[in-house]
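Chain by chain, the residues:
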Amino acid sequence: MHLRQGTNGYVNGALLHSTLREMQALLLSPRFWGALLAVSAILGLTGPFGTLQQLDALPRFAYWLALAFATFTAGYLTMRLTLAVVFGSTGSRPLRSVVAGMVAGAPVTAIVVLFNHLLFGGPFPSAAALGALFVNCGLIAVAISFLVAIGRSPQGLAAKPVEPATAALPPVPTAQPSPPPEPARPPLIDRLPHAARGKLRYLSMQDHYVDVHTDKGSALVLMRFADALREVGDVKGVQIHRSHWVALDAVAGNRRKDGKLFLKLANDVLLPVSRSYAGAVRKAGLA
């Protein structure tokens, strides 16, 4: 079910919690701060939009660093919430990027205007100037949204071309056994923040979200539980409850409590086994 049945019922603590967790993982990334400092240094040295003449070097760098951080944070949060509310897990990549970017252009424009007004003073820009600024900010946000979507998608990387074999190559006298191929990463992992992408442990359904747990952390993903099960890929596991799925190698044992069967996972996590899935659990050798 997508987020179309009233925003007040869906833009709740779970959605904000999931978005803020993604933002927290991003803010803890050295790559993010490296890129932010590099962009701020370039803008501080070149001094676009008159800042070269109006500000000294250190205040100019601080201005661009603060502005870049504030606009990116506001734009990122707005884009993530917009995509969840308007599209859920549907919609083509170009349409999602355009809608999310143009919506994010509004808070980004407001931040730029307020920054400049507080720092340089003077009247607020006219309606025409404000509209032009909004279009520019929106187009930049659309481009950033599209690049983020490509970076999060495994299809965003181009396949490496394979050169054809030629007849001049000599025959190989002894065939060497090829190493087993590396298992493909489950598509579900690509939906997680980078800090939580690891070996899949278990899934739990929470309202309209799936709580995905790996050996590196966990994250809430807005999707149906049935769709999440299809995206576990080749990971060997079993559904033990209508709201729980576990990877076989994540189970450390089992125990009974008040006549009910539970599977024990790492960190003393206990997941219930329902009667309808007890046969599958026994067949998997977990009970």
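Residues numbered from 1 in each chain as written. Predicted model: local features only at pLDDT ≥ 70, side-chain atom pairs only at ≥ 80, totals over all residues. Heavy atoms only, no water.

Peer 1: Tell me about the packing of aromatic side chains, and please be specific about residues and values.
Peer 2: For the structure on display, the rule yields six aromatic pairs. Ring centres 5.4 Å apart and planes at 40° place the aromatic pair phenylalanine 32 and phenylalanine 72 in the tilted group. Taken together, the residues span a long stretch of sequence, with phenylalanine 32 in helix H3 (residues 30-46) and phenylalanine 72 in helix H5 (residues 57-87) at a distance of 40 residues. By relative accessible area, which is 10% here, phenylalanine 32 ends up buried. Ring geometry for tyrosine 63 versus tryptophan 64: centroids 5.1 Å apart, planes at 75°, classification edge-to-face. The pair tyrosine 63 / tryptophan 64 is uniform in exposure class, with both members buried. Joined through ring pairs, the aromatic side chains of Phe32, Trp33, Phe69, Phe72 and Tyr76 make up one cluster. (Phe/Tyr/Trp six-rings, centres within 6.5 Å; stacked < 30°, edge-to-face > 60°. Helix = DSSP H or I, 4+ residues; strand = E, 2+ residues; numbered from the N terminus. Buried < 20%, exposed > 50% of the residue type's maximum accessible area, 1.4 Å probe, protein only.)

Peer 1: If you had to explain H3 to someone new, which residues and values would you point to?
Peer 2: Its 17 residues give H3 an end-to-end C-alpha distance of 24 Å, which sits within 8% of 24 Å, the value for a rise of 1.5 Å per residue. Turning to H3, its buried residues number three or more, namely Phe32, Leu36, Ser40 and Gly44. Axial view of H3: buried residues confined to an arc of 90°, hence all on one face. In this structure, H3 carries Pro30, Arg31, Ile42 and Leu45 as exposed residues pointing more than 90 degrees from its buried face. Immediately beyond the C-terminal end of H3, within one or two residues, lies glycine 47, with a positive phi of roughly 60°. (Expected span 1.5 Å × (residues − 1). Arc of directions from axis to C-beta.)

Everything listed here is a matter of coordinates, which is why it stays silent on function.
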